[in-house]
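Notes for the structure review
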Amino acid sequence: MSLDSVTRSVDEAVSGFFEPIAKWLGEVVFYAVPVGGTDLPLIVAWLVVAGLVFTGWFGFIQFRKFRLAVDVVRGKYDEKDSAGEVNHFQALTAAVSGTVGLGNIAGVAVAVSIGGPGATFWMVLCGLLGMATKFVEVTLGVKYREVHADGTVSGGPMHYLPKGLAERFGKNGKALGKILAVLASFMILFFGLFGGNLFQVNQSYAQLVSVTGGEDGALGSSAGALFFGILIAALVGIVLLGGIRSIANVTSRLVPAMAGIYIVACLVVILVNVSAVPDAVATIVEGAFNPQGVAGGVLGALIIGFKRAAFSNEAGLGSAPIAHSAVKTKHPASEGLVALLEPFIDTVVICTMTALTIVIANPTSWAEARAGEDIGGVTITSDAFETVLPWFPYILTVAVLLFAVSTVLTWGYYGLKSWTYLFGRSRTSELTFKILYTVFAVAGSLLTLQTLIDLADAVLFTLAVINIIGLYLLAPVVKRELNTFLQYVQDRKAGAPSENGKDREQAENIV
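Residues numbered from 1 in each chain as written. Predicted model: local features only at pLDDT ≥ 70, side-chain atom pairs only at ≥ 80, totals over all residues. Heavy atoms only, no water.

1. Describing the overall build of the chain
Where we set the bar: Secondary structure elements are taken from DSSP: a helix is a run of H or I of four residues or more, a strand is a run of E of two residues or more, and numbering for both begins at the N terminus. A radius of gyration in this sense is built from C-alpha atoms; the matching globule rule multiplies 2.2 Å by the number of residues raised to 0.38. Each residue's exposure class comes from its accessible area (1.4 Å probe, protein chains only) as a fraction of the maximum for that residue type: buried when under 20%, exposed when over 50%, partly exposed otherwise. Contact criterion: two residues are considered in contact whenever any of their non-hydrogen atoms come within 4.5 Å of each other. Residue exposure ignores everything except the shown protein chains as possible cover, and the areas themselves are Shrake-Rupley values with a 1.4 Å probe.
Of the regular secondary structure elements, the chain holds 21 helices and four strands. Against the 2.2 N^0.38 benchmark of 24 Å for 511 residues, the chain shows a C-alpha radius of gyration of 22 Å, consistent with a compact globule. Overall, the C-alpha framework of the chain stretches about 65 × 55 × 40 Å when taken along its three principal axes. Burial analysis of the chain (511 residues in total) assigns 59% to the buried set. Restricting the contact set of the chain to residue pairs at least 6 apart, pairs at least 24 apart contribute 82%. A total accessible area of about 20200 Å² is found for the chain, and carbon and sulfur atoms account for 63% of it.

2. Comments concerning the packing of helix 7 (residues 119–143) against helix 11 (residues 277–289)
We apply this condition: For every element, the axis is a line fit to its C-alpha atoms; helices are fit only across the contacting stretch, and the angle between N-to-C directions ranges from 0 to 180 degrees. By the definition adopted for this analysis, an angle is roughly parallel if under 35 degrees, roughly antiparallel if over 145, roughly perpendicular if from 65 to 115, and oblique otherwise. Three categories are distinguished: nonpolar for Ala, Val, Leu, Ile, Met, Phe, Trp, Tyr, Cys and Pro, charged for Asp, Glu, Lys and Arg, and polar for the others, with Gly belonging to the last.
The geometry of helix 7 relative to helix 11 is characterised by a closest axis approach of 6 Å and an angle of 85° between their N-to-C directions. In terms of their interaxial angle, helix 7 and helix 11 are classed as roughly perpendicular. The residues of helix 11 that touch helix 7, namely those facing T120, F121 and W122, are I284, A288 and F289. For the contact of helix 7 with helix 11, the per-class residue count stands at five nonpolar, one polar and no charged.

3. Things to note about helix 7
Which entries qualify depends on this criterion: Helix span is expected to be 1.5 Å times the residue number reduced by one.
With 25 residues, helix 7 extends 36 Å between its outermost C-alpha atoms, agreeing within 8% with the 36 Å of an ideal straight helix rising 1.5 Å per residue. Among the 25 residues in helix 7, 22 count as buried, and that is most of the element.

4. Overview of the packing of aromatic side chains
Which entries qualify depends on this criterion: Between the rings of Phe, Tyr and Trp (Trp by its six-membered ring), a pair exists once the centres lie within 6.5 Å; its type follows the angle of the planes, with under 30 degrees stacked, over 60 edge-to-face, and the other angles tilted. Definition used: whenever NZ (Lys) or CZ (Arg) falls within 6 Å of the ring centre and also within 35 degrees of the ring normal, the charge is taken to sit over that ring.
Applying the stated rule across the entire model yields 24 aromatic pairs. Each ring, one from F54 and one from Y472, has its centre 5.2 Å from the other, and the planes form 35°; the classification is tilted. Note that F54 is positioned in helix 2 (residues 42–57) and Y472 in helix 20 (residues 450–494), a separation of 418 residues in sequence. Here F54 falls in the buried class, since its relative accessible area comes to 0%. The exposure class assigned to Y472 is partly exposed, which follows from its relative accessible area of 23%. Where W419 meets F433, the ring centres are 5.8 Å apart and the plane angle is 45°; that geometry is what we call tilted. Residue W419 is found in helix 18 (residues 392–423), and its partner F433 is found in helix 19 (residues 427–446); the two are separated by 14 residues along the sequence. F433 matches W419 in its accessibility class, with the two residues each being buried. Three or more aromatic residues link up through ring pairs in this structure, and these residues are W46, F54, W57, F58, F135 and Y472. Above the face of the W366 ring, R370 is positioned so that its terminal group lies 5.1 Å from the ring centre.

5. What to know about the nonpolar core
Inclusion rule: Definition used in this section: a nonpolar core is a set of buried Ala, Val, Leu, Ile, Met, Phe, Trp, Tyr and Cys residues joined via side-chain atoms within 4.5 Å.
Ranked by size, the top nonpolar core spans 161 residues in total, and within it F135, L140, Y414 and F485 carry the most contacts. The leading source of residues in this core is helix 20, at 22 residues. If we ignore the near neighbours within four places in the chain, the residues touching F135 are F58, I61, A333, G336, L337, L340, V478 and L482.

6. Points about unusual backbone geometry
One non-glycine residue, D81, lies in the positive phi region at around 65°. Residue classification places D81 among the exposed positions, given a relative accessible area of 76%. Phi is positive for N362, which is not a glycine, with a value near 50°.

7. Topic: a nonpolar patch on the surface
We count it as follows: Surface patches are drawn from residues lacking salt bridges whose relative accessible area is over 30%; two like charges belong together within 9 Å, two nonpolar side chains (Val, Leu, Ile, Met, Phe, Trp, Tyr) within 5 Å. By salt bridge we mean one thing: a side-chain nitrogen of Lys or Arg within 4 Å of a carboxyl oxygen of Asp or Glu.
A surface patch of nonpolar side chains, amounting to about 330 Å² of accessible area, comprises L3, V6, V10, L226 and I230. Sorting the residues of the nonpolar patch by element identifies helix 1 (3–29) and helix 9 (222–241) as the ones contributing at least two each. By the element assignment, L226 lies in helix 9.

8. Side note on the environment of I261
The residue I261 is located in helix 10 (residues 243–272) in this model. I261 sits in the partly exposed class, given a relative accessible area of 33%. In this structure, I261 is in contact with I395 and L402, ignoring residues within four places of it in sequence.

9. A few points about the confidence of the model for the chain
Quick note on the threshold: The pLDDT value tells you how sure the predictor is about a given residue, anywhere from 0 up to 100.
For the chain, the average pLDDT comes to 84, and 94% of its residues sit at 70 or higher. For the stretch residues 503–511, pLDDT sits under 50, and the model shows 21 contacts to residues farther than four places along the chain or on other chains.

10. A few points about the side chain of E79
Put simply, the rule is: Just so you know, the count uses Lys and Arg for positive and Asp and Glu for negative, and it drops His and the chain ends.
Inspection of the secondary structure assignment puts E79 in the loop between helix 4 (66–73) and helix 5 (88–99). Put simply, E79 is tucked away with no salt bridge, and the nearest opposite charge, on K330, sits 4.8 Å away. The residues contacting E79, other than those within four sequence positions of it, are T329, K330, H331 and Y488.

11. Here's the deal with the state of the cysteines
Defined as follows: Put simply, a disulfide is two cysteine sulfurs that come within 2.5 Å.
Summed over all chains, the structure comprises zero disulfides. Note on C266: no disulfide assigned, nearest cysteine sulfur contributed by C351 at a separation of 11 Å. With no disulfide of its own, C351 has C126 as its nearest cysteine by sulfur position, at a separation of 10 Å. Of the residues examined, C351 reaches a relative accessible area of 0% and is grouped as buried.

12. Description of helix 2
Formally: This arc is taken over the directions from the axis of the helix to the C-beta atoms.
In a regular helix each residue adds 1.5 Å, so 16 residues correspond to 22 Å; helix 2 covers 22 Å between its end C-alpha atoms and thus fits that length. All of the buried residues along helix 2 are I43, V44, L47, V48, A50, G51, F54 and T55. In an axial view of helix 2, the angular spread of the buried residues amounts to 150°, which keeps them on one side of the axis. Phi turns positive, to about 60°, at G59, one or two residues after helix 2.

13. Digging into the environment of V477
When you line up the elements, V477 lands in helix 20. With a relative accessible area of 1%, V477 lands in the buried category. Spatially, the C-alpha atoms of V477 and L140 are 7.9 Å apart, while their sequence positions differ by 337 residues. The residues touching V477, leaving out its near neighbours within four places in the chain, are L140, K143, Y144, E167 and R168.

See below:
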């Protein structure tokens, strides 16, 4: 029996078993209601409303404190002898590497095909709102993290939900928090294995095959798929063994490199067509409020844009606080401010650059997709770049591979923290997970397992419901932590020595 027939049989068997479960959970989690001629998934509304609430609650913090966030990333307010494993910049790049991926390349193309150019405007707006949500959840992640005896750190919703709810609501909050922590750990672990690992490897392999001669090319065979999977698994396994410090060292170089390559390519297309930029911007703004050929009109464009942004930057899902919690700091809100830059980079910058490039280049495949033809998002993006850079599919392949590897690494760390919360932090337990995760990377090049990937998406967005309820309940804690850090910043600017206890006493009256 050939390897192809074996993988086909596995795909069919797994799909047959899990398809009813995935379909049921998907219908529940992504339940949509008709609004103005189109369908609004309630989970998207849930994420957007959270962004609106936290934007108001913290006084538009994503705009008021943007410069301070940049200063913190630059290390201006670092403190010596702080607990943690990585600096602010490394924590940010590790978290960004988990969100910046194929969704920024393919997902955006699909969004502007279904929702028209105007979807870009709403995508940016949703990204800006998501910055406030990210600030809240990451501040809590650092506040309630667990620093182990060996100096390593564990954080995320599986820590701040039980500890925070117990602190605010006593015994009942503690019991509820423990249940939510177990559920959160399972959901992050499940998505990490299938969405953050297997899917990323699968899609990057597909792009690599497409530029190397297709199924008849050097990598088109099952042997080529196996070689690719083993190579990625080996790279991921080596880095995972080094923990968050190793992952941060890689992503702190990889994320700027991959983002730089991609943004430069976008700028090349934009500059070559610079005379078309004003019209493209006008088309995006006009399409946001007066879209043509979009189901549901303005609401249709808005929903598509919000959906793409919410699915891309993961604000409110509870995943990013795991990476940010490893930061070296004594002030949780300092990393919360750093984290609000994450949706800005992911959605406002990279997603917008993709959309603007497509609108300006206006490739034939985009017009065909808008007319209803089934054309992959990567193809549309690639065609847009190819109008100026005929060799760009090869550069896009490199970008896709970098995006995929960085995402696999970061979700490996997220999965490990969830695994150890459920099964303990012993060396055997950690090694078991790392072996399992690398095996899934190999499987990603051989199997599609689309049903399990769909199930993983539904599971992760179920976590958003749990997580955001926790964020609402713990928002007063975040307010106090923000005031404490702002007092510390004031003291630093005034040249006065600052202590954590003094910060907290003086912080109460800071807005």
